[in-house]
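Single-letter residue listing:
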Amino acid sequence: MDPQKTPIYREWSSWSGWILVMFWGVMFIAMVNVSMTGPGSDQDRFWGAVVLGIVAVAVQLLLAGLSVRLYRDHLVVGLGSAGVISRKVRYDQIVRTESVTYSPIREFGGWGVRWGKDGKKAWSARGNHAVVLHLRDRTRLYVGSDSPHRLEERIRAVAGTRIGGQG
């Protein structure tokens with residue numbers, strides 16, 4: 001296994017439990033509704049329900065949760081377990097880090113990939129805790145975390161002296 005492609009540290013934050021229950025409940029009701037009352041033949045309704053199930057699994061893989069992976073020279077923050085939607089940040093682009101408690105709804109309009117005012121961006125799945133990465137381009141990147149102090153410590157440990165102004 002290539003050490004450059006193996007994360008040194010990884011963290012996962014899933015959607016809140018109530019959101020997962022609501023999402024899968026709605027998808028189940030929709031699949032039952034399509035299979036029982038949808039237009040077309042029994043076979044058409046069956047395949048319609050199967051397609052809805054596939055869409056639900058795809059949404060879960062692509063969007064449900066937030067992963068943070070630390071490598072030797074960069075970190076990657078991404079949505080869902082598949083990590084298709086992601087952002088790479090090189091450690092030499094980080095000026096400093098800080099653990100914060102913030103208001104995702106007030107500051108960003110909710111969770112997910114969000115843009116705020118004054119160069120603020122957020123990647124989050126739930127909660128109100130994050131590690132803020134202050135980047136050289138003056139962007140502040142909020143990375144949601146259930147354990148922001150631990151994530152910040154790990155970023156600093158892996159990045160070492162490549163992060164300037166840690167203080």
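As a starting point, this report considers the structure included with it. Chains are numbered independently. Their residues run from 1 in the order of the written sequence. Given that the model is predicted, a residue must reach a pLDDT of at least 70 before its local features are reported, and side-chain atom pairs must reach 80 or more before they are shown or counted; all residues, however, enter totals for whole chains, interfaces and linings. Hydrogens and water are ignored here; the side-chain numbers use all heavy atoms of the structure.

### Here we look at the side chain of His-134
Phase 1: Each helix is a run of DSSP H or I of at least 4 residues and each strand a run of E of at least 2, with the numbering of both proceeding from the N terminus. With respect to the secondary-structure elements, His-134 resides in strand 8 (residues 129-135).
Phase 2: Separated by 2.6 Å, the side chains of His-134 and Glu-98 make a polar contact.
Phase 3: Contacts between residues were defined by any pair of non-hydrogen atoms, one from each residue, lying within 4.5 Å. If sequence neighbours within four positions are ignored, His-134 has contacts with Gln-93, Ile-94, Val-95, Arg-96, Glu-98, Thr-139 and Arg-140. We call two N or O atoms a polar contact when they sit within 3.5 Å, provided that within protein one can donate a hydrogen and the other can accept it, with sequence-adjacent residues counted only if both atoms are side-chain atoms.

### Section: the side chain of Thr-97
Phase 1: Looking at where Thr-97 falls in the secondary structure, it is placed in strand 5 (residues 94-101).
Phase 2: Buried means the residue's accessible area, taken with a 1.4 Å probe over protein chains only, is under 20% of the maximum for its type, while exposed means over 50%, and partly exposed covers the values in between. Its relative accessible area of 4% is what places Thr-97 among the buried residues.
Phase 3: Polar contacts involving the side chain of Thr-97 include one to the side chain of Glu-152, which spans 3.0 Å.
Phase 4: A polar contact of 2.9 Å, which involves the side chain of Thr-97, links it to the side chain of Arg-156.

### What about the pairing of strand 2 (residues 66-70)?
Regular strands place their side chains on alternate faces of the sheet.
Phase 1: A large share of strand 2 lies buried, amounting to five of its five residues.
Phase 2: Note that strand 1 (residues 9-13) and strand 2 share five bridges and pair antiparallel. Looking across to strand 2, one finds that Arg-10 is bridged to Arg-69.
Phase 3: By the bridge criterion, five bridges tie strand 2 to strand 3 (residues 74-79) in an arrangement that is antiparallel. Across the sheet, the residue bridging to Leu-66 is Leu-79, located in strand 3.
Phase 4: The rule for pairing is simple: two strands pair if DSSP sees at least two bridges between them. Connecting strand 2 to the next strand, strand 3, in antiparallel fashion are three residues.

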